[in-house]
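# Structure assessment
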Amino acid sequence: MKKIGLVLGGGAVRGLAHLGVLKSLEKHAIPIHCIIGTSMGGVIGGLFAAGISVSEIEHTFIHTPKYRFIDVGIWQRGLLAGNGIIQVIGDLLEKQNKAGLKIEQFPIHFKAIAVDLMEGKQIVLDKGDLGTVLRATSAFPGVFAPLMLNDQMLVDGGVLNNLPIPDMRKEDVDFIIAVDVAREHEKKPPRNMIEVVYRSYSLMTAERKHNSLHMADLVIRPEVGQYAAFDFTKIKECIAAGEEAAESLIPEVTRIIAEG
């Protein structure tokens, strides 16, 4: 059987479409051997790789009050301190009896991508506590404060690599599926400062993303461009869009797997 690698990119709330993709893959019993993600793709991919079911992750994002994901930290190099998401993830891991589980112990090989602002380079996180790693990969600059880890100042990996397909090419996999939820060209004006910053970063990273897309064997593109990147009222719609996009490609995936 072919080993499948799944690459999950950044996209803020749109990145919850990754849950829909995983829901479809899980429903059709398509095994994933390795997951590499950044930003929201790192969060969703890390929880799934830890052995938490899609339904549990989905329930957490839909039913957790939105204020629990944020904590104001204007004096901490970001509008939001970013510790709220660690607590939410910690509660979920505790509920699933996975508190203290290290990434090295995951049933699915997992790596998250972050960027060290001190050295100006990409950092691959594949060891240690999941909550800390996910806090780093999702620390979108200007919105969430960076994570200080040892001598590193870590932020969202999407700053340099919003769809880390090249990193998956280094893994022992036979077939790469990439899920692209980022939209760099939008006609709707940004609604606030956060969306201005987010769209600016999306434009800056667009060329690198497009240059790496050819390295994937299959690209899934959920229709989430109509939803604002930080519109938390559209969580269910983004999940549904991911599932719909994946379902349309399931016949191709199953055919490839059957070929051995």
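Our subject is the structure listed above.
A few points on the structure. Quick caveat, the model's predicted, so the values are computed rather than measured. (Residues numbered from 1 in each chain as written. Predicted model: local features only at pLDDT ≥ 70, side-chain atom pairs only at ≥ 80, totals over all residues. Heavy atoms only, no water.)

### Things to note about unusual backbone geometry
Phi angles above zero are rare outside glycine, and Ser39 is one such case at about 55°. In this fold, Ser39 is placed in the loop between strand 2 (34-38) and helix 2 (40-49). Of note, the phi angle at Asn97 is positive, near 60°, even though the residue is not glycine. With respect to the helices and strands, Asn97 occurs in the loop between helix 4 (83-95) and strand 4 (109-116). (Helix = DSSP H or I, 4+ residues; strand = E, 2+ residues; numbered from the N terminus.)

### Things to note about the environment of Gln96
Its place among the elements puts Gln96 in the loop between helix 4 and strand 4. The exposure class of Gln96 is partly exposed, given its relative accessible area of 22%. Linking Gln96 and Ser53, residues 43 residues apart in sequence, is a C-alpha distance of 9.6 Å. Apart from residues lying up to four places away in sequence, Gln96 is in contact with Ile52 and Glu56. At 3.4 Å, the side chain of Gln96 forms a polar contact with the side chain of Glu56. (Buried < 20%, exposed > 50% of the residue type's maximum accessible area, 1.4 Å probe, protein only. Contact = heavy atoms within 4.5 Å. Polar contact = N/O pair within 3.5 Å; in protein donor to acceptor, adjacent residues only side chain to side chain.)

### Considerations on the nonpolar core
The tendency in soluble globular proteins is for nonpolar side chains to be buried as a group. Counting 59 residues, the largest nonpolar core has Leu6, Leu16, Ile35, Leu47, Phe61, Phe110 and Leu130 as its most contacted members. With 12 residues, the next largest nonpolar core counts Cys34, Leu163, Ile176 and Ala216 among its residues. (Core = buried A, V, L, I, M, F, W, Y, C linked by side-chain atoms within 4.5 Å.)

### Notes on the side chain of Asn161
With respect to the helices and strands, the residue Asn161 is situated in the loop between strand 8 (152-156) and helix 6 (165-168). A relative accessible area of 2% places Asn161 in the buried class. A polar contact is formed between the side chain of Asn161 and the side chain of Gln122, at a distance of 3.0 Å. At a separation of 3.1 Å, a polar atom in the side chain of Asn161 contacts the side chain of Asp167. With residues near it in sequence (within four places) discarded, Asn161 still touches Thr38, Gln122, Asp167 and Arg208.

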